[in-house]
Amino acid sequence: SSSSRHPNQVTPKKSGLKNGQMKSKDDECFGDDIDEIPDTDFDFEGNLALFDKAAVFEEIETYERRSGTRSRGTPNEKPARYRHDENILESEPIVYRRIVVPQNANKEFCTDSGLVVPSVSYELHKKLLSVAEKHGLTLERRLEMTGVCASQMALSLLGGPNRLNPKNVHQRPTVALLCGPHVKGAQGISCGRHLSNHDVHVILFLPNFVKMLESITNELNLFSKTQGQQVSSVKDLPDTPVDLVINCLDCHENAFLRDQPWYKAVVDWANQNRAPVLSIDPPINEMEQGIDAKWSLALGLPLPLGERAGRVYLCDIGIPQKVFQEVGINYHSPFGCKFVIPLHST
């Protein structure tokens, strides 16, 4: 009732030993000289006027010119502006060697991580494949690995998941696969089978021959079980541009094929179609290539390919490390977690 009569009345605090102890502690902490603090305010503007900023920065610049050092935050220096995709730290990729060939390479390549990949001659590459086949890496296994790697690269070039997905069935890509009657052609047929299995419209060109290699016959038998289309005449190839041309016409040894009418006709068709070209294991001699490629896929180790091969990629076809050593190549895999990697000319 008393509090209701006097609402503004404050109840005094009880004084005791505890409050006395707290007061003595405050005195010990803050002291008793609070009355000595001057009443006048500190003159910040006056003290700032005493600081000669121009003279100080001139002294810093003079010191930098004499010592050759550079400090951060000088007033006349404009800070560098970088885009979101630029690297602030200027550094060149580390170059190191983990592959050494027994002969001087005519051309060297480099991976994204800086690993040097030397090229090898066709004779050494042929010997490498022969030794691998002797140890069990048969031609059938090599064809399958080449077909898988080449199809993976082709699927990526065609757009990957953005182009090939169940919701985009109306934009099915078309690939023209140009194959010759040799092992290189068998590699292309294997690639075409895998592309057709991934819902790519594949049109396979292969000329008619009385006798075919066993490897081509086996690959054709598997390809015929897909939805791919096989033609033997240039007239049956599309008149409109396709999404991708895969070139497997050229061979390292059978140079006489370039004089055949069917070869000249299909080369003219490819050059007029204006579609990007992927070459699988192209020959070294640029004169033997009738079609300029935008990309080329090398097998195991690259050959010294020229400018007409386009950008070179390397695929792993499963050759064991000791097989490389048997032919005199000190080899450590450059692929990491991938089976197909890009190579850059050094």
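Residues numbered from 1 in each chain as written. Predicted model: local features only at pLDDT ≥ 70, side-chain atom pairs only at ≥ 80, totals over all residues. Heavy atoms only, no water.

Undergrad: Got a minute to help me understand the sheet that holds strand β1 (residues 96–97) in this structure?
TA: Taken together, four strands build an open sheet; the order of strands is β1-β3-β2-β12 and the sheet is mixed. For this open sheet the edge positions go to β1 and β12 (344–345), each flanked by a neighbour on one side alone. (Pairing = 2+ DSSP bridges. Helix = DSSP H or I, 4+ residues; strand = E, 2+ residues; numbered from the N terminus.)

Undergrad: Got a minute to help me understand the sheet that holds strand β5 (residues 201–205) in this structure?
TA: The strands making up a sheet are joined through hydrogen bonds of the backbone, oriented either antiparallel or parallel. On the basis of which strands lie adjacent, the open sheet formed by eight strands has the order β6-β5-β4-β7-β8-β9-β10-β11 and mixed pairing. Strand pairing shows two members of the sheet lacking a second neighbour, β6 (229–231) and β11 (340–342), which therefore form its edges. Across the sheet, the mean angle separating the axes of adjacent strands is 20° when strand polarity is ignored. As paired strands, strand β4 (residues 174–179) and strand β7 (residues 244–248) are joined by five bridges and run parallel to one another. Its bridge partner being in β7, Val175 is matched across the sheet by Leu244. (Axes fitted to C-alpha atoms, helices over the stretch in contact; angles between N-to-C directions.)

Undergrad: What exactly am I supposed to notice about the nonpolar core here?
TA: Generally speaking, soluble globular proteins have nonpolar side chains that are buried together. Ile189, Leu195, Leu244, Ile246, Leu301, Ile319 and Ile329 are the most contacted members of the largest nonpolar core, which has 61 residues in total. Of the residues forming this core, the biggest block, seven residues, is contributed by helix α6 (residues 139–157). Within the second largest apolar cluster, 20 residues are counted, among which are Phe205, Val231, Val266 and Val277. (Core = buried A, V, L, I, M, F, W, Y, C linked by side-chain atoms within 4.5 Å. Buried < 20%, exposed > 50% of the residue type's maximum accessible area, 1.4 Å probe, protein only.)

Undergrad: Explain a nonpolar patch on the surface here, please?
TA: Residues Leu48, Phe51, Val56 and Ile60 make up a contiguous nonpolar surface patch of roughly 350 Å² in combined accessible area. The class of Ile60 is partly exposed, set by a relative accessible area of 33%. (Patch = residues over 30% accessible without salt bridge, like charges linked within 9 Å, V, L, I, M, F, W, Y side chains within 5 Å. Areas by Shrake-Rupley, 256 points an atom, 1.4 Å probe, with all protein chains shown as cover. Salt bridge = Lys/Arg side-chain N within 4 Å of Asp/Glu carboxyl O.)

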